[in-house]
Amino acid sequence: MANKIDFKYSKKLLSNTLTYKFSMTLNFALTVFCIILITLYIIGNYQNFQDENQQWILSILSYVAIFNSLFSVLLIVETTIKIFTEKQKIKNAFNLAALIASAIFCIFCTGTSNIIGYISGGIK
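Procedures and definitions
Starting afresh in each chain, residues are numbered from 1 along the sequence in its written order. Given that this is a predicted model, residues contribute local features only at a pLDDT of at least 70 and side-chain atom pairs are listed and counted only at 80 or more, while totals for whole chains, interfaces and linings are drawn from all residues. Excluding hydrogens and water, the side-chain figures rest on all heavy atoms present in the structure. Each helix is a run of H or I in the DSSP string that is no shorter than four residues. Each strand is a run of E no shorter than two, and both are numbered from the N terminus. Residues qualify for a patch when their relative accessible area is over 30% and they have no salt bridge, like charges being joined within 9 Å and the nonpolar side chains of Val, Leu, Ile, Met, Phe, Trp and Tyr within 5 Å. For accessible areas, the Shrake-Rupley method is used with a probe of radius 1.4 Å. Any residue's cover is judged against the shown protein chains and nothing else. Throughout this description, the term salt bridge denotes a Lys or Arg side-chain nitrogen within 4 Å of a carboxyl oxygen of Asp or Glu. The buried label applies to any residue whose accessible area, calculated with a 1.4 Å probe on protein chains only, is under 20% of its type's maximum; exposed applies above 50%, and partly exposed to all values in between. Any two cysteine sulfur atoms lying within 2.5 Å of each other are counted as a disulfide. Every angle, taken between N-to-C directions, lies between 0 and 180 degrees, and every axis is a line fitted to C-alpha atoms, over only the stretch in contact when it is a helix. Should the near helix be turned anticlockwise from the far one by less than a right angle, the crossing is left-handed, and should it be turned clockwise, the crossing is right-handed. Note on contacts: a residue pair qualifies if any of its non-hydrogen atoms lie within 4.5 Å across the two residues. Each residue gets one label: Ala, Val, Leu, Ile, Met, Phe, Trp, Tyr, Cys and Pro are nonpolar, Asp, Glu, Lys and Arg are charged, and the others, such as Gly, are polar. For a helix, the expected span equals 1.5 Å multiplied by the number of residues minus one. Each Phe, Tyr or Trp ring (for Trp, its six-membered ring) is paired with any other whose centre lies within 6.5 Å, and the angle between the two planes then decides the class: stacked below 30 degrees, edge-to-face above 60, tilted in between. Only Lys NZ and Arg CZ are tested; either one counts as a charge over a ring when it is within 6 Å of the ring centre and within 35 degrees of the ring normal. Definition of a polar contact: a pair of N or O atoms within 3.5 Å, with one able to donate and the other able to accept a hydrogen when the atoms are protein atoms, and with sequence-neighbouring residues admitted only if both atoms are side-chain atoms.

For this particular structure, what's the right way to read unusual backbone geometry?
Glycine aside, negative phi is the norm for most residues, and most peptide bonds take the trans geometry. Despite not being glycine, Asn48 shows a phi value in the positive range, around 60 degrees. Within the secondary structure, Asn48 is located in the loop between helix H1 (18–46) and helix H2 (51–85).

Help me out: how do you make sense of a nonpolar patch on the surface in this one?
A surface patch of nonpolar side chains, amounting to about 380 Å² of accessible area, comprises Phe28, Val32, Phe33 and Ile36. Its location among the elements puts Phe28 in helix H1. When its relative accessible area of 60% is taken as the criterion, Phe28 is described as exposed.

What should I look at first to understand the state of the cysteines in this one?
A covalent bond bridging the sulfur atoms of two cysteines is what the word disulfide describes. Applying the stated criterion across every chain, the model contains zero disulfides. Cysteine Cys109 is unpaired, with the sulfur of Cys34 as its nearest cysteine sulfur at 5.2 Å. Its relative accessible area of 3% is what places Cys109 among the buried residues.

In this structure, what is going on with the packing of H1 against helix H3 (residues 89–121)? I would like to understand it.
Relative placement of two packed helices is described by the angle separating their axes and the distance separating the axes. Contact pair H1 / H3: the axes reach a minimum separation of 11 Å and the direction vectors enclose 35 degrees. Crossing of H1 over H3 shows left-handed handedness. Here Tyr20, Met24, Asn27, Thr31, Cys34, Ile35, Ile38 and Tyr41 of H1 lie close against H3, whose contacting residues are Asn92, Asn95, Leu99, Ser102, Phe105, Cys106, Cys109 and Ile116. The residue makeup of the contact of H1 with H3, split by class, is 11 nonpolar, five polar and no charged.

I tried to follow H3 on my own but got confused; where do I start?
Side chains of residues three or four places apart in an α-helix project in the same direction, reflecting 3.6 residues per turn. Between its first and last C-alpha, H3 extends 47 Å over 33 residues, near the 48 Å set by a 1.5 Å rise per residue. The complete set of buried residues in H3 reads Asn92, Asn95, Leu96, Leu99, Ser102, Ala103, Cys106, Cys109, Thr110, Ser113 and Gly117. Check the buried side of H3 and you find it contacts H1 and H2. Just beyond H3, the residue with positive phi is Gly122, at close to 80 degrees.

Mind showing me how you'd approach the pattern of salt bridges here?
Between side chains of opposite charge, pairing is possible as soon as their charged atoms come close. By the definition in use, this model includes one salt bridge. Note that Glu86 and Lys82 form a salt bridge whose closest N and O atoms lie 3.6 Å from each other.

Sorry if this is basic, but what is going on with the packing of aromatic side chains here?
In this description, an aromatic ring pair is defined by two values, namely the gap between the centres and the angle between the planes. Counted according to the given criterion, the structure contains one aromatic pair. Of note, Lys82 hangs over the ring of Tyr20, and the distance from its end group to the ring centre comes to 4.1 Å.

Got a minute to help me understand the side chain of Thr31 in this structure?
Along the chain, the position of Thr31 falls in helix H1. A polar side-chain atom of Thr31 sits 2.9 Å from a polar atom in the side chain of Ser102.

Can you help me understand H1 in this one?
In this model, H1 (29 residues) spans 42 Å end to end at C-alpha, consistent with the 42 Å of a helix rising 1.5 Å per residue. Along H1, the positions that sit buried rather than exposed are Tyr20, Ser23, Met24, Asn27, Leu30, Thr31, Cys34, Leu37, Tyr41 and Gly44. The inward-facing, buried residues of H1 contact H2 and H3. Phi for Asn48, located one or two positions after H1, is positive at around 60 degrees.

Right, dumping it as C-alpha cells:
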C-alpha cells in the first residue's frame, strides 16, 4: 500500500478544459454580435444611414454569421461526443441545444443578409 501513489489531478475532465470554455464563450459572443449587427441595420433604416454603410453592415453580418455557423457545427460535434463519453450529460445537453439554436440563427442571418444585400444592390 505504501507504493501506491494516488494522483488526484492526473485525470482531467474534458469539460473543464480552457479550450472548450473559451470556444463556447466565443460562440456566445459572436451570436450576440450578430444580434447587435441586426439591430444596427434596423436602426440604420430608420436613421437614414448611407447605403454604403448599410451594405457594409450586411457584409460584416454575413461573414460573422458564416464563421459562427461553421464554428457552431464543430462545437456541436464535440459536444455530442462529450455527451456519450462524460458523466455531465445534462450540462452537455443544454450546451448542445444552445449550439444548435446558435447555428440555426446564424444560418438564417447569413441567408437573410445575403438576400437583403442582393435586393438592395438594385438592377445593374
